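# A closer look at the structure
Letter by letter, the chains look like this.
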Amino acid sequence: MTLDLVMFGEDWGGWPSSTQHLARALLKGGDRILWVNSLGLRRPRWSDAARVMTKLRAGWQGRAAPRPVHGPQPQGIIAPLAPPVPRKGFEAALAGQLLARSLRRGLARTGLSARPILWTSLPTAGPVLDRLPTAATVYYCCDDFGALEGVDHTDVLRHEAELAVRVDLILATSPELAAKFPAAKTRLVPHGVDTDLFMTPQDRPTDVPQDRPTVGFYGSLAGWVDWDWLMALARLLPDWEIQLIGPAKAESAEKLAELARYANIRLLGPRAHGELPAYLHTWTAALLPFRDLPQIHACNPLKLREYLAAGVPTVATPFPAAQAYAPEVKTAATVLEAATYLRGLQERDPAQIRQEKAARQQRVIGESWAARAATIRGYLEEMG
């Protein structure tokens, strides 16, 4: 049976979240999707003027052109014109009306069912539930929105609490997130990994040195990264290179300027998702240097499984998701312990290196996005 879904997520074609990975897996399985680009999780500020204008232009057109993305595309992509994080009363009613109108048009244009399964990864999609007939409703919770940076926490948590009461099914990506919701309708579905992409050996990128060991991290260079930990590691390993890949967030500008003064730290900027395996297959080790924050306690980072699928040695600061993959992931209580582990990697013989790489890859061999999508599809079919 083919499922028709409306899926609220980030902007399609941007840095892929778990929702976009799952959407691709569902599309490959024959399901049909009307994708809704990001609604936003905080009210606009003056600094957001350029982004707001882009959103408004796309919203007036009613649809968004797909960016170049590897793999199958949704049957339609909507750029919604609706107030982000609407307050109760008029704003919520307006948001619901505008979203429902866009969705009805999108469903008619693409030939999808007028009663789709509505899936949202954003708590602020709740106002549309009263105005669009659905076969079932799903909240896919990947983040602790009470701790996530760049979010209007109070209003978004209110939306989330209301949404959790109303939806038919809640999918949570970590036990910490699942514990927030009614157990009877909540299912734990951890993140997956593109095993085909990340397990395939890649050529060395030209910006990874061959004359010294190199460790790296990729992802948003934001406030949840422990910059002081990285600078301490750079001092302990002056003969190693530390590479950081990803977009720099404004709130981290001062710390990133400090990092840039270290001769053995390189900020490489963003890379396309498909380019990341080449770095993992070349780095001596990969890093998960997170701060001790509530957001990190509840997180289940995509890169953790991507690191393992590539078979690269991985060092993490202590947090639950990383500790669950011991001993294939090394959790270091201190920077000194991390540096000692990294230096020890150079003493391993080729047979031990191959054996440990195979063990890491084996830990995630059954955790592909296709496998996660199949589990979720079973839940969706049970609803109707």
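To be clear, the structure that these remarks concern was listed above.
Per chain, the residues get numbers from 1 upward, laid out in the order the sequence is written. Reporting in this predicted model follows two pLDDT cut-offs: at least 70 for local features of residues, and 80 or more for side-chain atom pairs to be given and counted; totals over whole chains, interfaces and linings ignore these cut-offs and use all residues. Think of the side-chain values as coming from all heavy atoms in the structure, minus any hydrogens and water.

### Digging into helix H4 (residues 153–166)
What counts here: By the criteria applied, helices consist of DSSP H or I runs no shorter than four residues and strands consist of E runs no shorter than two, each listed in order from the N terminus. The span expected for a helix works out to 1.5 Å for each residue beyond the first. Think of it in three bands: residues with accessible area under 20% of the maximum for their type are buried, residues over 50% are exposed, and the middle band is partly exposed, with areas taken using a 1.4 Å probe on protein chains only. Arc definition: directions from the helix axis to the C-beta atoms.
Spanning 14 residues, H4 covers 20 Å between terminal C-alpha atoms, matching the ideal 20 Å at 1.5 Å per step. Listed as buried for H4 are Val-156, His-159, Glu-160, Leu-163 and Ala-164. Projected onto a plane normal to the axis of H4, the buried residues spread over an arc of 135 degrees and lie on a single side. In H4, the exposed residues that point more than 90 degrees away from the buried face are Thr-154 and Val-165.

### Thoughts on the sheet that holds strand E8 (residues 214–218)
The cut-off we apply is this: For two strands to count as paired, DSSP must find a minimum of two bridges between them. Lines fitted to the C-alpha atoms define the axes, with helices restricted to the stretch that makes contact. Angles between their N-to-C directions range from 0 to 180 degrees. In what follows, a contact means two residues having at least one pair of non-hydrogen atoms within 4.5 Å.
In spatial order, the strands read E10-E9-E8-E11-E12-E13; together these six strands make up an open sheet with parallel pairing. The open sheet terminates on both sides in strands that have one partner only, identified here as strand E10 (265–269) and strand E13 (329–331). In this sheet, adjacent strand axes meet at a mean angle of 25 degrees when their direction is disregarded. Sheet topology places E8 next to strand E11 (residues 285–288); two bridges connect them, and they run parallel. In the strand pairing of E11, Val-215 is matched with Ala-285. In this fold helix H11 (residues 302–310) packs onto E8, E11, strand E12 (314–316) and E13, with an angle of close to 145 degrees to the strand it touches most, E8.

### Description of the pairing of strand E1 (residues 4–8)
On a regular strand, one side chain projects to one face of the sheet and the next to the other, so that they alternate. Put simply, the rule is: The handedness of a crossover follows from its direction of travel: if, with the strands pointing away from the viewer, the path from the first strand over the helix to the second runs clockwise, the crossover is right-handed.
The buried fraction of E1 is high, at five of five residues. Of the two faces of E1, both are covered, the one formed by Asp-4, Val-6 and Phe-8 as well as the one formed by Leu-5 and Met-7. Sheet topology places E1 next to strand E2 (residues 32–36); five bridges connect them, and they run parallel. Each residue of the ladder has a partner; that of Met-7, found in E2, is Trp-35. For the crossover that starts at E1, traverses helix H1 (residues 18–28) and ends in the parallel E2, the hand is right-handed. The pairing of E1 with strand E4 (residues 117–120) spans four bridges and is classified as parallel. When the bridges of E4 are listed, Leu-5 appears paired with Ile-117.

### Focus: a positive patch on the surface
The condition that has to hold: Patch membership requires more than 30% relative accessible area and the absence of a salt bridge. Residues of like charge join within 9 Å; the nonpolar side chains Val, Leu, Ile, Met, Phe, Trp and Tyr join within 5 Å. Only the protein chains shown count as cover for residues, and all accessible areas are computed by the Shrake-Rupley method using a 1.4 Å probe. Just to be clear on terms, a salt bridge is a Lys or Arg side-chain nitrogen sitting within 4 Å of an Asp or Glu carboxyl oxygen. Counted as positive: Lys and Arg. Counted as negative: Asp and Glu. His and the chain ends are not counted at all. Lys charges are placed at NZ, Arg charges at CZ, Asp charges at CG and Glu charges at CD.
Positive charge collects at one region of the surface, where Arg-101, Arg-104, Arg-105 and Arg-131 lie side by side. In this fold, Arg-104 is placed in helix H3 (residues 90–110). Of the residues examined, Arg-104 reaches a relative accessible area of 43% and is grouped as partly exposed.

### Some thoughts on the packing of aromatic side chains
Rule in force here: For Phe, Tyr and Trp, where Trp contributes only its six-membered ring, two rings pair if their centres lie within 6.5 Å, and the inter-plane angle classes them as stacked under 30 degrees, edge-to-face over 60, or tilted in between.
Per the counting criterion, the structure on display carries seven aromatic pairs. Arranged with centres 6.0 Å apart and planes meeting at 55 degrees, the rings of Tyr-279 and Trp-283 form a pair that is tilted. Taken as a pair, Tyr-279 and Trp-283 share a single burial class, namely buried. A ring pair is formed by Phe-290 and Phe-319, whose centres lie 5.4 Å apart and whose planes are at 55 degrees; its orientation type is tilted.

### With respect to the sheet that holds E4
Across a sheet, paired strands are connected by hydrogen bonds in the backbone, their directions being either parallel or antiparallel. The seven strands are arranged E3-E2-E1-E4-E5-E6-E7 in an open sheet whose pairing can be described as parallel. Looking along the sheet, the strands with just one partner apiece sit at the ends: strand E3 (76–78) and strand E7 (186–188). Each adjacent strand pair in this sheet contributes to an overall mean axis angle of 20 degrees, direction not counted. Together, E4, strand E5 (136–141) and strand E6 (169–172) form the strand contacts of H4, whose direction differs from that of E5 by roughly 135 degrees. Most of the contacts of helix H15 (residues 369–382) go to E6, to which it runs at about 170 degrees, and overall it touches E1, E4, E5, E6 and E7.

### Regarding the packing of H11 against helix H14 (residues 350–363)
Put simply, the test is: Just so you know how the angles are binned, under 35 degrees is roughly parallel, over 145 roughly antiparallel, 65 to 115 roughly perpendicular, and the rest oblique. Handedness of a crossing follows from how the near helix is turned relative to the far one, being left-handed for an anticlockwise turn of less than a right angle and right-handed for a clockwise one. In the scheme used here, Gly and all other residues not listed as nonpolar or charged are polar, with Ala, Val, Leu, Ile, Met, Phe, Trp, Tyr, Cys and Pro taken as nonpolar and Asp, Glu, Lys and Arg as charged.
For the pair H11 and H14, interaxial distance at closest approach is 6 Å and the crossing angle is 140 degrees. By the angle between their axes, H11 is oblique relative to H14. Judged by the sense of rotation from one axis to the other, the crossing of H11 with H14 is left-handed. Within the contact between the two elements, H11 uses Leu-308, Ala-309 and Ala-310 and H14 uses Lys-357, Arg-360 and Gln-361. A breakdown of the residues in the contact of H11 with H14 according to their chemical character gives three nonpolar, one polar and two charged.

### Some words on helix H13 (residues 335–345)
Burial in H13 covers these residues: Val-335, Ala-338, Ala-339, Tyr-341, Leu-342, Gly-344 and Leu-345. Contact partners of the buried residues in H13: E8, helix H7 (227–236), E11, E12, E13 and H14.

### Here we look at the pattern of salt bridges
Applying the stated rule across the entire model yields 19 salt bridges. Here Asp-4 and Arg-32 are joined by a salt bridge, their closest N and O atoms 2.7 Å apart. With a gap of 28 residues between them, Asp-4 in strand E1 and Arg-32 in strand E2 connect regions that are remote in the sequence. Judged by its relative accessible area of 11%, Asp-4 falls in the buried class. When its relative accessible area of 28% is taken as the criterion, Arg-32 is described as partly exposed.

### Observations concerning the side chain of His-21
For His-21, the position within the fold is in helix H1. Discounting chain neighbours no more than four positions away, the residues touching His-21 are Pro-16, His-273, Leu-302, Glu-306 and Trp-369.

### Side note on the pairing of strand E9 (residues 241–245)
With five of five residues buried, E9 lies mostly within the body of the structure. Of the two faces of E9, both are covered, the one formed by Glu-241, Gln-243 and Ile-245 as well as the one formed by Ile-242 and Leu-244. Sheet topology places E8 next to E9; five bridges connect them, and they run parallel. Residue pairing across strands places Gly-216 opposite Gln-243, the latter belonging to E9. Chirality of the crossover, the property in question, places the unit of E8, H7 and E9 among those that are right-handed. Taken together, the four bridges between E9 and E10 define a ladder with parallel strand orientation. Along E10, the bridge assignment pairs Gln-243 with Arg-266. In this fold, E9 hands off to helix H8 (residues 253–260), which returns the chain to E10; that crossover is right-handed.

Purely geometric numbers; function is a separate question.
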